[in-house]
Amino acid sequence: MPARSSQFNMERFFQALGDNTRLRLLNLMGYQEICVCYFVEILAQGQPKISRHLAYLRRAGIVEARREGKWMHYRIVMPPNAGAAQVLRQTLAWLGEDRAMQADAARLSKACCSPARFVTLQSAPRPAAVDCSTAL
């Protein structure tokens, strides 16, 4: 019998979706890979808090991380469970309809278009599109 940690944890998955900060992070990621510094700037939250929530999403199997030098990039990945993947897709679509989530996305768009306006983003890598066949 496989170890419990390698099995999909439904409870952890739903708990990951049960926090507004984590929902905001997922909304910002959408179809792109984003550096932590953008999350910190857009959500106006401290880096330790953002990293803690991103780690929770990683443990839930919703997000993957990639290091590039000093930068950590995060992107959404579909969970291995088909039902959970469907719930995640629907949740992301729903988030896109929410005014507060749309405001976050607009702030991200402005930050990406003119990072010089944001001191913390001046040398940060811009968000990159993700291959949808492996993510969403």
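None of the values given here were measured: they were computed from a predicted structure.

Please clarify how the layout of surface pockets should be interpreted in this entry.
Taking a probe equal in size to a water molecule and rolling it over the atoms shows the remaining empty space. Volume-wise, the second largest pocket comes out at about 160 Å³. Lining the second largest pocket we find Cys35, Val36, Cys37, Val40, Gln47, Ser51, Lys70, Trp71, Met72 and Tyr74. Among the secondary structure elements, those contributing two or more residues to the lining of the second largest pocket are α3 (36–43), α4 (47–59) and β3 (71–76). Considered class by class, the residues forming the lining of the second largest pocket number seven nonpolar, two polar and one charged.

Any chance you could explain the environment of Met10 here in plain terms?
Here Met10 is to be found in helix α1 (residues 10–16). Along the primary structure Met10 and Gly83 are separated by 73 residues, whereas in three dimensions their C-alpha atoms are 9.8 Å apart.

Mind showing me how you'd approach α3 here?
Because an α-helix completes one turn every 3.6 residues, residues spaced three or four positions apart along the sequence face the same direction. Counting buried positions over the eight residues of α3 gives six, a clear majority of the element. When we look at burial in α3, the residues that qualify are Val36, Cys37, Tyr38, Phe39, Ile42 and Leu43.

Mind showing me how you'd approach the pattern of salt bridges here?
It is possible for side chains bearing opposite charge to pair when their charged atoms get close. Using the criterion set out here, one finds five salt bridges in the structure. Glu68 is the partner of Arg66 in a salt bridge, and the nearest nitrogen-oxygen pair spans 3.1 Å. Its relative accessible area of 38% is what places Glu68 among the partly exposed residues. Here the residues in one salt-bridge network are Arg24, Asp104 and Arg107, joined through shared partners.

What exactly am I supposed to notice about the packing of helix α2 (residues 20–29) against α4 here?
Running from N to C, α2 and α4 cross one another at 80 degrees; their axes reach a closest spacing of 10 Å. In terms of their interaxial angle, α2 and α4 are classed as roughly perpendicular. Facing α2, whose interface residues are Thr21, Arg22, Leu25, Leu26 and Met29, α4 presents Lys49, Ile50, His53, Leu54, Tyr56 and Leu57. Per-class residue counts for the contact of α2 with α4 are seven nonpolar, two polar and two charged.

Sorry, what's going on with the side chain of Thr21 here?
Assignment of secondary structure puts Thr21 in helix α2. Look past the residues within four positions of Thr21 in its chain and what remains in contact with it is Lys49 and His53.

Can you walk me through unusual backbone geometry in this structure?
Comment: phi is negative for the bulk of residues other than glycine, and the bulk of peptide bonds are trans. Although it is not a glycine, Ala44 adopts a positive phi angle of roughly 55 degrees. Position of Ala44 among the secondary structure elements: in the loop between α3 and α4. When its relative accessible area of 66% is taken as the criterion, Ala44 is described as exposed.

Criteria and cut-off values
- Residues numbered from 1 in each chain as written.
- Predicted model: local features only at pLDDT ≥ 70, side-chain atom pairs only at ≥ 80, totals over all residues.
- Heavy atoms only, no water.
- 1 Å grid on protein atoms, 1.4 Å probe; cavity = no way out; pocket = protein on both sides within 12 Å on 5 of 7 lines; lining within 4 Å.
- Points joined across faces, edges and corners; volume = space filled by probe spheres on them.
- Helix = DSSP H or I, 4+ residues; strand = E, 2+ residues; numbered from the N terminus.
- Nonpolar A, V, L, I, M, F, W, Y, C, P; charged D, E, K, R; others polar.
- Buried < 20%, exposed > 50% of the residue type's maximum accessible area, 1.4 Å probe, protein only.
- Salt bridge = Lys/Arg side-chain N within 4 Å of Asp/Glu carboxyl O.
- Axes fitted to C-alpha atoms, helices over the stretch in contact; angles between N-to-C directions.
- Parallel < 35°, antiparallel > 145°, perpendicular 65-115°, else oblique.
- Contact = heavy atoms within 4.5 Å.

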